[in-house]
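A structural walkthrough
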Amino acid sequence: MKNTNEMEIRFDSRSVNEGFARVAVASFMTQLNPTVEEVADVKTAVSEAVTNAIIHGYDNEIHKVSIRCRIDDNIFTVEVCDRGKGIEDIETAMRPMYTTKPEQDRSGMGFAFMEAFMDSVEVESEPGKGTKVKMRKAVGKGREIWTTQSL
């Protein structure tokens, strides 16, 4: 039987809740005994996804953002979902430096950061219906080998 666990949270799309989302996800993943770097990577990716939902998905209007986390053995999966305006061209939106909000000094690096800090990033979106960003990271990869060899 696989070692699995899941959680889901929903919160208002307010910028102040971005920090809550980071901490909630980090707290859930602690059962995997992650390194400080692994926690920081996931928190950064979650921060970018939640910020995208708030700023781009909802144009700073107050609606709901949901986060689902799942642990399958040492694979940590997090999904950030909104029911906002969606993305018309996902490939273009994921290009580094691309932003639909240059007037707000947005860097256009959100998806690039998610891809840099996570092992995989998948984006599903439909204009007018919302966006789901699904990210995965193997947590603890290689530590078992190091522990065995150091004995």
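Preceding block: the structure.
Below or above, wherever it landed, is the structure these notes cover. Everything numeric here is computed off the predicted structure, so don't read it as measured data.

A word on unusual backbone geometry. Backbone geometry at N33 places phi at a positive 55°, although glycine is not the residue there. Along the chain, N33 turns up in the loop between α1 (17–29) and α2 (36–57). Looking at N33, the relative accessible area reads 54%, which means it is exposed. The residue D59 is not glycine, and still its phi comes out positive at about 50°.

Here the focus is the pattern of salt bridges. All chains considered together, the criterion is met by 13 salt bridges. Here K64 makes a salt bridge to D12, at a shortest N to O gap of 2.6 Å. One end of the pair, K64, is in strand β2 (residues 64–72); the other, D12, is in strand β1 (residues 4–12), and 52 residues separate them in sequence. Of the residues examined, K64 reaches a relative accessible area of 38% and is grouped as partly exposed.

A few words on the packing of aromatic side chains. Following the criterion strictly, the structure yields three aromatic pairs and no others. Taken together, a centroid distance of 6.4 Å and an interplanar angle of 45° make the contact between F28 and F76 tilted. With F28 in helix α1 and F76 in strand β3 (residues 75–82), this residue pair connects regions lying 48 residues apart in the sequence. Across the pair, F76 and F28 agree in class, each one buried. A ring pair is formed by F113 and F117, whose centres lie 6.5 Å apart and whose planes are at 40°; its orientation type is tilted.

Conventions and cut-offs
- Residues numbered from 1 in each chain as written.
- Predicted model: local features only at pLDDT ≥ 70, side-chain atom pairs only at ≥ 80, totals over all residues.
- Heavy atoms only, no water.
- Helix = DSSP H or I, 4+ residues; strand = E, 2+ residues; numbered from the N terminus.
- Buried < 20%, exposed > 50% of the residue type's maximum accessible area, 1.4 Å probe, protein only.
- Salt bridge = Lys/Arg side-chain N within 4 Å of Asp/Glu carboxyl O.
- Phe/Tyr/Trp six-rings, centres within 6.5 Å; stacked < 30°, edge-to-face > 60°.

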